[in-house]
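Fold and contact review
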Amino acid sequence: MSGTVGRPVEKALRKRISELLKAGKEQAEIARILDKAPSTIAYHVRALGHKAKEYESPASIGKDGKRRCVQCGKRKSLGAFPNERNAACSMCVRGLTK
Ligand SMILES: [Zn+2]
């Protein structure tokens, strides 16, 4: 990872995230504002020394074969998620729920 640390783009992004956190924004909101994946935001939030919301571990799949989206809280079939590791449904990832 040392090759990526300190790149101007990363620094600028981290600064923006820091500012948005101070402004009281939720990680999911920041992800939408900056058009980044929630996991990317979580990575920088952790790097900034904040406790990041865990977006890496999706909710477990229920007996009905559906999973709860961490963002909108709705239970959706697996096809509604971008991939099996994504904790937020496609609608939330694309920012279409608001
Ligand atoms: Zn959702």
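The shown structure was predicted, so the numbers you read here are calculated from the model rather than taken from an experiment.

**Some remarks on unusual backbone geometry**
- Positive phi is not limited to glycine here, since Asp35 has a value of about 55°.
- Along the chain, the position of Asp35 falls in the loop between helix H2 (27-34) and helix H3 (38-47).

**Describing the confidence of the model for the protein chain**
- Per-residue pLDDT for the protein chain has a mean of 84; in total, 86% of the residues score no lower than 70.
- Element-level pLDDT for the protein chain is lowest in helix H4 (residues 90-93), with a mean of 88, against a maximum mean of 94 in strand S2 (residues 75-77).

**Quick look at the environment of Ala87**
- Position of Ala87 among the secondary structure elements: in the loop between S2 and H4.
- With 20 residues separating them in the primary sequence, Ala87 and Arg67 have C-alpha atoms 8.7 Å apart.

**A closer look at the packing of H2 against H3**
- Interaxial distance between H2 and H3 falls to 9 Å at its minimum, and their mutual angle equals 115°. For the element pair H2 / H3, the angle class is roughly perpendicular. Handedness of the crossing formed by H2 with H3: right-handed. Each of Gln27, Ala28, Ile30 and Ala31 in H2 lies in contact with H3, whose residues at this interface are Pro38, Ile41, Ala42 and Val45.
- When the residues that make up the contact of H2 with H3 are grouped by side-chain class, the tally is seven nonpolar, one polar and no charged.

Criteria and thresholds
- Residues numbered from 1 in each chain as written.
- Predicted model: local features only at pLDDT ≥ 70, side-chain atom pairs only at ≥ 80, totals over all residues.
- Helix = DSSP H or I, 4+ residues; strand = E, 2+ residues; numbered from the N terminus.
- pLDDT = per-residue confidence, 0-100.
- Axes fitted to C-alpha atoms, helices over the stretch in contact; angles between N-to-C directions.
- Parallel < 35°, antiparallel > 145°, perpendicular 65-115°, else oblique.
- Left-handed = near helix turned anticlockwise from the far one by under 90°.
- Contact = placed C-beta atoms within 7 Å.
- Nonpolar A, V, L, I, M, F, W, Y, C, P; charged D, E, K, R; others polar.

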